[in-house]
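# An overview of the molecular structure
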Amino acid sequence: MSKLVIAGGTGFLGNELLDFYGSKYNEIVVLTRGKSRTSKNISYVQWDAKTIGKWHRSLDNADALINLTGKTVDCRFTKKNKDLILNSRVDSTLALGKAINLVDNPPKVWLNASSAAISHPNKEENGEDFMLYVGQEWEKAFNSITHKETRKVALRISLVFGKDGGALVPLKKITQFGLGGKQGSGNQMVSWVHSKDFVGITNFLLEKNSVTGPVVVAAPDSKSNKKLMATIRKTLKVPFGLPSFSWMLKIGGFIIGTEPSLILNSMNVYPEKLIKNGFKFKYATLESALKNILK
């Protein structure tokens, strides 16, 4: 294969993609807010993720585009942060869409990140689901862009578990400190995917020309928060875990600067389209994923 463009490719998931695709493409372009530079076959090209600039030429003659751009949701959901979370996703998607329609030979396929919250809207803890709204606006921007030569897939990504980042890292730490009990009621559902399966899914979708539209990126093994924490304790051989009640999480979230709804809200999604199209998960069960990551 020749050329892959990854927008927002310097974070946890971006690094996972680079590790996998580094030897598969002759040229990889990473669109980043950092300085432009080159490392082996990877070119880091600066962009502001909002306006058209010289960076748009990077999309010409690309085989594929993967967009992961967006401000981290690991923050307090203040109005300022909500605006940044939403706008960073919508603006970057629209900018890439404009760029695709400016180049002579646009990418053959475009995978654009989205939120699995769309597939499981809920109002269980805080009376709203901000990430549902973000996902809807994100996909609205994505769907507003048309190009007959570019196949488009929206990745409705659940929580990603990995060794070097993702949602499991803080859960591992608090469990090791004896605080790995249920969080809130413990009944809220958690959908997740191993980082290696996340990468495998992107590769599968790049090659599966018949798949378009939204795709749930999650393992077929959602668990309750109570079961998740119990499995983490068992894997780490931690004999007990104190529970964290909702009011404790709200106070703690305020202190450490994160949003308790990320833990308290429920997400229960199933990768029906992936399974129907023949994708095989390497880590299809929570037990196998945690054994690999936490060993």
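Read on for an overview of the structure.

Criteria and thresholds
Residues numbered from 1 in each chain as written. Predicted model: local features only at pLDDT ≥ 70, side-chain atom pairs only at ≥ 80, totals over all residues. Heavy atoms only, no water. Helix = DSSP H or I, 4+ residues; strand = E, 2+ residues; numbered from the N terminus. Buried < 20%, exposed > 50% of the residue type's maximum accessible area, 1.4 Å probe, protein only. Contact = heavy atoms within 4.5 Å. Lys, Arg positive; Asp, Glu negative; His and termini not counted. Charge placed at Lys NZ, Arg CZ, Asp CG, Glu CD. Phe/Tyr/Trp six-rings, centres within 6.5 Å; stacked < 30°, edge-to-face > 60°. Lys NZ or Arg CZ within 6 Å of the ring centre and 35° of its normal. Core = buried A, V, L, I, M, F, W, Y, C linked by side-chain atoms within 4.5 Å. Salt bridge = Lys/Arg side-chain N within 4 Å of Asp/Glu carboxyl O. Axes fitted to C-alpha atoms, helices over the stretch in contact; angles between N-to-C directions. Parallel < 35°, antiparallel > 145°, perpendicular 65-115°, else oblique. Left-handed = near helix turned anticlockwise from the far one by under 90°. Nonpolar A, V, L, I, M, F, W, Y, C, P; charged D, E, K, R; others polar.

## Focus on the overall build of the protein
- Looking only at helices and strands, the protein features ten helices and twelve strands.
- Considered along the principal axes of its C-alpha atoms, the protein spans approximately 60 × 40 × 35 Å.
- Evaluated residue by residue, the protein yields a buried proportion of 53% over its 295 residues.
- Taking the contacts inside the protein whose residues are at least 6 apart along the sequence as the reference set, 77% of them involve residues at least 24 apart.
- Each charge class in the protein can be summarised by its mean position, and for the 42 positive and 24 negative side chains these summaries are 4 Å apart.

## A closer look at the environment of F279
- With respect to the secondary-structure elements, F279 resides in the loop between α9 (272–276) and α10 (286–294).
- Separated by 71 residues in the primary sequence, F279 and K208 have C-alpha atoms spaced 9.9 Å apart.

## Regarding the packing of aromatic side chains
- Scanning the entire structure with this criterion turns up eight aromatic pairs.
- Consider the rings of F279 and F281, whose centres lie 4.9 Å apart with planes at 85°: the pair is edge-to-face.
- Given a relative accessible area of 10%, F279 falls into the buried group.
- Overall, the relative accessible area of 15% leaves F281 in the buried class.
- Ring-pair connections join several aromatic residues into one group, and the members of that group are F20, Y21 and Y25.
- Sitting above the plane of the Y44 ring, R37 keeps its charged end 3.9 Å from the centroid.
- Across from the ring centre of F142, 4.6 Å away, lies the NZ or CZ of K152, which sits over that ring.

## Description of the nonpolar core
- I28, F198, L205 and I232 are the most contacted members of the largest nonpolar core, which has 69 residues in total.
- Leaving out residues up to four positions away in the same chain, I232 has contacts with L168, L171, T175, L290 and L294.
- Formed by 20 residues, the second largest nonpolar core is a distinct cluster that contains V45, L59, W110 and A154.

## Things to note about the pattern of salt bridges
- Within the structure shown, the criterion is met by seven salt bridges.
- The closest approach of N and O atoms between D221 and K223, which form a salt bridge, is 3.3 Å.
- Linking K276 and E272 is a salt bridge whose minimum nitrogen-to-oxygen distance equals 2.9 Å. Of this pair, K276 and E272 are both found in helix α9, four residues apart, which corresponds to roughly one turn of the helix.

## Remarks on the packing of helix α2 (residues 79–100) against helix α3 (residues 130–143)
- α3 packs onto α2 with a crossing angle of 20° between their chain directions and a minimal axis gap of 8 Å. Classified by the angle between their axes, α2 and α3 sit roughly parallel to one another. Both α2 and α3 take part in a crossing whose hand is right-handed. Of the residues in α3, those touching α2 at K82, I85, L86, R89, V90, T93 and L94 are F130, Y133, V134, E137, W138, A141 and F142.
- A class-by-class count of the residues in the contact of α2 with α3 yields ten nonpolar, one polar and three charged.

## Examining the packing of helix α6 (residues 225–236) against α10
- Contact geometry of α6 with α10 gives a least axis separation of 10 Å together with a crossing angle of 45°. Of the possible angle classes, the one that applies to α6 and α10 is oblique. The hand of the α6/α10 crossing is right-handed. For the pair formed by α6 and α10, the contact residues are K227, L228, T231, I232, T235 and L236 on the first element and L286, E287, L290, K291 and L294 on the second.
- Of the residues contributing to the contact of α6 with α10, the split by class is six nonpolar, two polar and three charged.

As far as function goes, none of this settles anything; it's purely spatial.
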